[in-house]
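# Chain and residue survey
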Amino acid sequence: MNIAIISIFPEFFHGPLNVSLVARAREAELLETTVVDLRAFGAGTHRQVDDAPFGGGAGMVLQPEPLANALAPFADTHRVLLTPGGKPLTQEILDRWATLDSLTLVCGRYEGVDERIAEHFIDEEISLGDYVLLGGEVAALAIVEGVTRLLPGAVGNARSIETESFRDGLLEEPQYTRPAQWRGWDVPEVLLSGHHGHVEEWRRQQRLERTRQRRPELLESGLGEPDELE
Ligand code: SAM
């Protein structure tokens, strides 16, 4: 899969794209990343890419022409604008994108991006959550990580993906490792029982209970298993 990222801060990505699973996926050629410096498309000696908003107001807006030119080589890809005004990112969206050949992520800065870019050059607008960040770069990295781990062969144990939070509309159950007794706190006995059926049943109940307590809206959305909560 090819992921292109358009940003005025290409250096932002040097570290994160070169560590852990993302680096390994790139080495294994499961993932190819291209970071495009938006400033290279800016006007004049200062490579200007922003200007004051029409109608007045605080801050600057990224101009349409540099963005359109930066996006031109990616016209055939699925183009995503990162913006707090977009659809909240979900596992479902990442699942869908992980099946694509290519994805282009546009990072805004300042007050955002000229609306004509969103209207005419973007396929989907996505938000990382209901808060405002400085720029789209962190959101782009979240997407790179979220998609990469879904690429076939990227994660050693594929089962770990199948059993994770949101996969069945539920949060994952609590996890424990050695030692079984630690500072006076014990691991739930059932996990030491060696009884596979009991362990599975405990895990299922924990997923339901945890989701009911922390994210009841997931159950209300019908993705989980509300009938089993009684
Ligand atoms: N004026 C914008 C508003 O009120 O919606 C916020 C602009 S924000 C300071 C600058 C850029 O950061 C945005 O264009 C977007 O690319 C990115 N950004 C900020 N928060 C984000 C979020 N929650 N999800 C995705 N991108 C975000």
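Numbers given for residues are sequential positions, taken from 1 along each chain in its written order. In view of the model being predicted, local features appear only for residues whose pLDDT reaches at least 70, and side-chain atom pairs are presented and counted only at 80 or more, with totals across whole chains, interfaces and linings using the full set of residues. Side-chain measures here rest on the full set of heavy atoms in the structure, leaving out hydrogens and waters.

### Side note on the overall build of the protein chain
Secondary structure summary: the protein chain contains 8 helices and 9 strands in total. At 22 Å, the protein chain has a C-alpha radius of gyration far larger than the 17 Å of a compact globule built from 230 residues. In terms of its C-alpha atoms, the protein chain occupies a principal-axis envelope of roughly 70 × 40 × 35 Å. Only protein chains enter the area calculation, which uses a 1.4 Å probe; residues under 20% of their type maximum are buried, those over 50% are exposed, and those in between are partly exposed. Out of the 230 residues in the protein chain, the part that is buried amounts to 39%. By the criteria applied, helices consist of DSSP H or I runs no shorter than four residues and strands consist of E runs no shorter than two, each listed in order from the N terminus. Between the two quantities, the radius of gyration covers C-alpha atoms and the globule rule is 2.2 Å times the number of residues to the power 0.38.

### Regarding a nonpolar patch on the surface
Candidates for patches are residues over 30% relative accessible area with no salt bridge; among them, like charges are joined within 9 Å and nonpolar side chains (Val, Leu, Ile, Met, Phe, Trp, Tyr) within 5 Å. For the accessible areas, the method is Shrake-Rupley and the probe is 1.4 Å, while residue cover comes only from the protein chains on display. A carboxyl oxygen of Asp or Glu within 4 Å of a side-chain nitrogen of Lys or Arg is what we treat as a salt bridge. On the surface, Phe12, Tyr131, Leu133 and Val138 cluster together into a nonpolar patch covering about 340 Å² of accessible area. Inspection of the secondary structure puts Tyr131 in the loop between strand 7 (124-127) and helix 5 (137-148). For Tyr131, a relative accessible area of 43% corresponds to the partly exposed category.

### Points about the UniProt feature "domain: tRNA methyltransferase TRMD/TRM10-type" (unreviewed entry) in the protein chain
UniProt positions are given in the numbering used here, feature names are shortened, and annotations may be inferred rather than shown by experiment. Summarizing the sequence annotation, UniProt attributes the feature "domain: tRNA methyltransferase TRMD/TRM10-type" (unreviewed entry) to residues 1-220 in the numbering used throughout. From the first C-alpha to the last, residues 1-220 spans 34 Å; its make-up is 32% helix and 19% strand.

### Some points on the environment of Ser165
Inspection of the secondary structure assignment puts Ser165 in the loop between helix 6 (159-162) and strand 8 (181-182). In this structure, the C-alpha to C-alpha distance between Ser165 and Pro188, residues 23 residues apart in sequence, is 20 Å.

### Describing the domain arrangement of the protein chain
One can read the domain layout of the protein chain as domain 1 (2-148) and domain 2 (163-229). One C-alpha centre belongs to domain 1, the other to domain 2; they are set 36 Å apart. Delimitation of the domains relies on an automatic or database domain assignment.

### Things to note about the site of the ligand
Near the ligand lie 19 residues; those nearest to it are Leu82, Gly108, Leu128, Tyr131 and Leu133. Residue assignment for the shell around the ligand shows that the elements contributing at least two residues are strand 5 (78-88) and strand 7. The greatest single-element share of the shell around the ligand, amounting to 3 residues, is contributed by strand 5. By convention in this text, a residue qualifies as near a molecule or strand provided that one of its non-hydrogen atoms is within 4 Å of it.

### Regarding the pattern of salt bridges
Charged atoms that come close allow side chains of opposite charge to pair. Inspection of the entire model under this criterion finds 14 salt bridges. Put simply, Arg207 and Asp168 hold a salt bridge, and the shortest N to O gap is 3.5 Å. Linking Arg207 in helix 7 (residues 196-214) with Asp168 in the loop between helix 6 and strand 8, this pair joins segments that are 39 residues apart in sequence. For Asp168, a relative accessible area of 29% gives the class partly exposed. Of the charged contacts, one joins Glu173 and Arg207 as a salt bridge, the two residues approaching to 3.2 Å between their closest N and O atoms. Taken together, the residues span a long stretch of sequence, with Glu173 in the loop between helix 6 and strand 8 and Arg207 in helix 7 at a distance of 34 residues. The same class applies to Glu173 as to Arg207, namely buried. Connected through salt bridges with shared partners, the residues Asp168, Glu173, Glu200, Arg203 and Arg207 form a single ionic network.

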